[in-house]
Amino acid sequence: MRHYACQHNQRSCLSHNASGHCAHATGSDRSVSFFFLLIPSFNVMYEHVVVKEGVLWIDGVHMQRFHGATPQQNAAFMVGQLRVKTGDKVLDIGTGLGYTVVEELKRGAKVTTIEQSDKVLELLKQSANSGILEDKNAELVYGDAFQEVKKFPSASFNSVLHDPPRFSMAGELYSGAFYAELNRVLKPHGILFHYTGKPSLRSGKNLLKGIKARLQAAGFHGVQWVEPCLGFKCFKF
């Protein structure tokens, strides 16, 4: 995997607790201060702690779904929507702790993944998925996905997995302009899976309705909500 320059500053920190499975980092991304925490996940389905699978929390919001399935199981559900075949080129937006990248590599894909937070990358290095950082079939692009996607040639990827932070943290990654770029870089008949999670009942209904409308306006077809994966699946003609 090729690494882009990752700058650290004196405000960054990383530590482990006695069990060796908890780390945190503080600092600024997008000119806003966030607190990043990596903790062991709790598998509600089987009622035991999964030591090898961590969950990333940013300012108290978990970035991986872990109720009813482990983060790796949920990643497998999402990647399964892409119908990845050996040799496919996959764009994975929001590397995080690398769960979906691991699943894409298992299926024989060549993965380009984008992550803009050096703090998250530090925590990835401490996780069970750190091996993706050395995998020859994975390329890490360090930067802002909104800008980096514009640099890819049209029709570059067989599928895209878009797993952004919540809307309040990265609203531009839910915009019509960004969806149009995702449509552009997909090959004909390419598939997009866009994880959104399940927003609160009060505002979530309108948010999901807006996401679906913007995906359709960007040129995607067959936009459908996939309840088990908590996201939208669609394709490019």
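Residues numbered from 1 in each chain as written. Predicted model: local features only at pLDDT ≥ 70, side-chain atom pairs only at ≥ 80, totals over all residues. Heavy atoms only, no water.

Colleague: Give a detailed account of the environment of E227, specifying residues and quantitative values.
Modeller: With respect to the helices, strands and loops of the structure, E227 is situated in the loop between β10 (221-226) and β11 (231-235). Overall, the relative accessible area of 39% leaves E227 in the partly exposed class. Sequence separation between E227 and G197 is 30 residues; the distance between their C-alpha atoms is 9.4 Å. Among the polar contacts made by the side chain of E227, one reaches the side chain of K198 at a distance of 3.0 Å. (Helix = DSSP H or I, 4+ residues; strand = E, 2+ residues; numbered from the N terminus. Buried < 20%, exposed > 50% of the residue type's maximum accessible area, 1.4 Å probe, protein only. Polar contact = N/O pair within 3.5 Å; in protein donor to acceptor, adjacent residues only side chain to side chain.)

Colleague: For the packing of helix α1 (residues 71-80) against helix α2 (residues 99-106), give the residues involved together with the corresponding values.
Modeller: At their nearest, the axes of α1 and α2 sit 8 Å apart, and the two run at 55° to each other. Considering their axes alone, α1 and α2 lie oblique with respect to each other. α1 and α2 meet at a crossing whose hand is right-handed. Residues P71, Q72, A75, A76, M78 and V79 of α1 lie in contact with α2, whose contacting residues are Y99, T100, V102, E103 and E104. (Axes fitted to C-alpha atoms, helices over the stretch in contact; angles between N-to-C directions. Parallel < 35°, antiparallel > 145°, perpendicular 65-115°, else oblique. Left-handed = near helix turned anticlockwise from the far one by under 90°. Contact = heavy atoms within 4.5 Å.)

Colleague: So what's going on with the nonpolar core? Residues and values would help.
Modeller: Among the nonpolar cores identified, the biggest contains 27 residues, and L91, V149, L182, L215 and F220 are the most heavily contacted of them. Contributions of two or more residues to this core are made by β5 (89-93), α4 (145-148), β8 (157-162), α5 (176-185), β9 (186-195), α6 (201-217) and β11. When sequence neighbours within four positions are dropped, the list of residues in contact with L91 reads T112, I114, V149, F152, F157, S159, V160, L161 and V185. Formed by 24 residues, the second largest nonpolar core is a distinct cluster that contains V101, L140, C229 and L230. (Core = buried A, V, L, I, M, F, W, Y, C linked by side-chain atoms within 4.5 Å.)

Colleague: Break down the side chain of S175 for me, citing the residues and quoting the values.
Modeller: Along the polypeptide, S175 turns up in the loop between β8 and α5. A polar atom in the side chain of S175 sits 2.7 Å from the backbone oxygen of E172. In this structure, S175 is in contact with F146 and R214, ignoring residues within four places of it in sequence.

Colleague: Which residues make up the side chain of K236, and what values do they have?
Modeller: Inspection of the secondary structure assignment puts K236 in the segment after β11. Within the buried core, K236 has no salt-bridge partner, and the shortest N-O distance to an opposite charge, that of E181, equals 10 Å. A polar atom in the side chain of K236 sits 2.9 Å from the backbone oxygen of N183. In this structure, K236 is in contact with N183, R184, L186, K187, P188, H189, G190 and F220, ignoring residues within four places of it in sequence. (Lys, Arg positive; Asp, Glu negative; His and termini not counted. Salt bridge = Lys/Arg side-chain N within 4 Å of Asp/Glu carboxyl O.)

Colleague: How would you explain the sheet that holds β11 if you had to name every residue and give the values?
Modeller: Read across the sheet, seven strands follow the order β7-β6-β5-β8-β9-β11-β10 without closing on themselves; strand pairing throughout is mixed. With partners counted over all chains shown, the strands left at the sheet margins are β7 (138-142) and β10, one partner each. In this sheet, adjacent strand axes meet at a mean angle of 15° when their direction is disregarded. For β10 and β11, the ladder comprises four bridges, and the chain directions are antiparallel. Its bridge partner lying in β11, H221 is registered against F235. Strands β5, β8 and β9 of the sheet are contacted by α5, whose axis makes an angle of about 140° with β9. (Pairing = 2+ DSSP bridges.)

Colleague: Give a detailed account of the packing of aromatic side chains, specifying residues and quantitative values.
Modeller: Under the counting rule described, the total for this entry stands at five aromatic pairs. The interplanar angle of 70° and the centroid separation of 5.3 Å between the aromatic rings of F167 and Y174 together place this pair among those described as edge-to-face. Between W225 and F232, the ring centres sit 5.2 Å apart and the planes meet at 70°, which makes this aromatic pair edge-to-face. Judged by its relative accessible area of 27%, W225 is partly exposed. (Phe/Tyr/Trp six-rings, centres within 6.5 Å; stacked < 30°, edge-to-face > 60°.)

Colleague: Please give an account of the confidence of the model for the chain that cites residues and values.
Modeller: Confidence in the prediction for the chain averages 78 pLDDT; 69% of positions are at 70 or higher. Taken together, the stretch residues 1-52 has pLDDT below 50 and engages in 141 contacts with residues farther than four places along the chain or on a different chain. (pLDDT = per-residue confidence, 0-100.)

Colleague: I'd like to hear about the pairing of β5, residue by residue, with values.
Modeller: On a regular strand, each side chain points to the face opposite its neighbour's, so the side chains alternate between the two faces of the sheet. Counting buried positions along β5 gives four out of five residues, so the element sits mostly inside the fold. Pairing of β5 with strand β6 (residues 110-115) involves five bridges; the strand directions are parallel. Opposite I93, over in β6, you have I114 as the bridge partner. Tracing the backbone out of β5, into α2 and back to the parallel element β6 gives a crossover that is right-handed. Where β5 meets β8, four bridges bridge the pair, whose relative direction is parallel. Bridge pairing in β8 links L91 to V160. (Right-handed = clockwise from strand over helix to strand, strands pointing away.)

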